[in-house]
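Listed here are the chains, written in short residue letters.
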Amino acid sequence: MLKRLRSTLKKNKKRNLITYTNPESIITEEFRTIRTNIQFTSEEHNCKAILMTSPSTEEGKSTTVANLAVSMAQQKDRVLIIDANLRNPRIHSIFKLNNSIGLSSVLSNKKKFTEAIKETNIGKLEVLSSGPIPDNPAELLGSYEFSRLLDLASQTFDVILIDSPSVLDYSDTKILANQCKSVILVVRNGRSKTEKVMEAKKVLKLAKADLLGAIINQVS
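On a predicted model such as this, the values are computed, not experimentally measured, just so you know. (Residues numbered from 1 in each chain as written. Predicted model: local features only at pLDDT ≥ 70, side-chain atom pairs only at ≥ 80, totals over all residues. Heavy atoms only, no water.)

## Some thoughts on the overall build of the chain
Phase 1 of the analysis: Looking only at helices and strands, the chain has 10 helices and 8 strands in total.
Phase 2 of the analysis: Summarising the internal contacts of the chain: among those between residues at least 6 apart in sequence, 80% fall at separations of at least 24.
Phase 3 of the analysis: Per element, the accessible surface of the chain, about 10,700 Å² overall, is 46% carbon and sulfur. (Helix = DSSP H or I, 4+ residues; strand = E, 2+ residues; numbered from the N terminus. Contact = heavy atoms within 4.5 Å. Areas by Shrake-Rupley, 256 points an atom, 1.4 Å probe, with all protein chains shown as cover.)

Okay, here's the thing in structure tokens:
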């Protein structure tokens, strides 16, 4: 199962959005390959919302989510990134967006879904950042409001990529995996231990999620 989306991405410390800043780079081409693999796999599994997680922290997950979303938007797809990491969010920083309102605002009924979405200047890519960090992230993500938000987003967007905390560190991700069903695991070569990856697979299976595959970051 993990071989489906397996690809090697070299770390680039200078550019978080290399698919946008350097569209002719080798790394950008790798993301195009991953994008194509995901398209075939998601059609087979009939899924629009894809949760992206990692076994542990510091594995390049948020940067991978952002670059993959850019690659999809460049193909004219209408793409939404949801930053569901309500503990240590990064998506708003990558896209340099204001995070005063976002997902937590919608789930706590302070803002409507359409009011919280932020446009980017990259194709049809939009972002629902995390919003203010709440006291009860697991409860918000497991709520009816989150399920309803996914339904609303699925009516408007072609693809929904959901950034989440590492699956072995927080219960939030297990809740999200159960809601979204389709999951991609991001692991870093040289950092992600085999036993952690296998444990992550087991946890996702227990959450009744469908693991579509893995993206492997190569540290350079």
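Structure shown, so let's carry the discussion forward.
## Focus on helix 9 (residues 171-180)
Phase 1 of the analysis: Turning to helix 9, its buried residues are Asp-172, Thr-173, Leu-176, Ala-177 and Cys-180. One side of helix 9 holds all its buried residues, which, seen down the axis, span an arc of 130°.
Phase 2 of the analysis: In this fold, the buried residues of helix 9 make contact with strand 2 (49-53), helix 7 (137-141), helix 8 (144-156), strand 6 (159-163), strand 7 (182-189) and helix 10 (194-206).
Phase 3 of the analysis: Just beyond helix 9, the residue with positive phi is Lys-181, at close to 75°. (Buried < 20%, exposed > 50% of the residue type's maximum accessible area, 1.4 Å probe, protein only. Arc of directions from axis to C-beta.)

## A closer look at the environment of Thr-63
Phase 1 of the analysis: Among the secondary structure elements, Thr-63 is positioned in helix 3 (residues 61-73).
Phase 2 of the analysis: Taking the C-alpha atoms as reference points, Thr-63 and Asn-16, 47 residues apart in sequence, are found 5.9 Å from one another.
Phase 3 of the analysis: Apart from residues no more than four positions distant in its own chain, Thr-63 is found in contact with Asn-16, Arg-90 and Ile-94.

## Details of the pattern of salt bridges
Phase 1 of the analysis: Inspection of the entire model under this criterion finds 4 salt bridges.
Phase 2 of the analysis: Residues Lys-61 and Asp-163 are paired through a salt bridge, measuring 2.8 Å at the closest nitrogen-oxygen approach. Of the two residues, Lys-61 is situated in helix 3 and Asp-163 in strand 6; the sequence distance between them amounts to 102 residues.
Phase 3 of the analysis: One salt bridge in this structure joins Asp-172 and Arg-87, with 2.9 Å as the shortest N-O distance. Linking Asp-172 in helix 9 with Arg-87 in the loop between strand 3 (79-83) and helix 4 (91-94), this pair joins segments that are 85 residues apart in sequence.
Phase 4 of the analysis: By relative accessible area, Arg-87 is classed as partly exposed at 34%. (Salt bridge = Lys/Arg side-chain N within 4 Å of Asp/Glu carboxyl O.)

## What to know about the pairing of strand 6
Phase 1 of the analysis: Within strand 6, 5 of the 5 residues are buried, which leaves the element mostly enclosed by the surrounding structure.
Phase 2 of the analysis: Neither face of strand 6 is exposed, since Val-159, Leu-161 and Asp-163 on one face and Ile-160 and Ile-162 on the opposite face are all buried.
Phase 3 of the analysis: Taken together, the 4 bridges between strand 2 and strand 6 define a ladder with parallel strand orientation. What sits directly across from Ala-49, in strand 6, is Ile-160.
Phase 4 of the analysis: As defined by bridge partners, strand 3 adjoins strand 6 across 5 bridges and the pair is classed as parallel. Paired with Leu-80 across the two strands is Ile-160, which belongs to strand 6. (Pairing = 2+ DSSP bridges.)

## Quick notes on the environment of Asn-67
Phase 1 of the analysis: Considering the arrangement of structural elements, one finds Asn-67 in helix 3.
Phase 2 of the analysis: Owing to a relative accessible area of 2%, Asn-67 belongs among the buried residues under this scheme.
Phase 3 of the analysis: Measuring from C-alpha to C-alpha, the distance between Asn-67 and Thr-19 comes to 5.7 Å, with 48 residues separating the pair along the chain.
Phase 4 of the analysis: In this structure the side chain of Asn-67 is engaged in a polar contact, spanning 2.9 Å, whose partner is the side chain of Thr-19. (Polar contact = N/O pair within 3.5 Å; in protein donor to acceptor, adjacent residues only side chain to side chain.)

## Some details on the side chain of Ser-166
Phase 1 of the analysis: Structurally, Ser-166 is set in the loop between strand 6 and helix 9.
Phase 2 of the analysis: Dropping the residues within four chain positions of it, Ser-166 is found in contact with Thr-53, Ser-54, Pro-55, Ser-56, Thr-57 and Thr-173.

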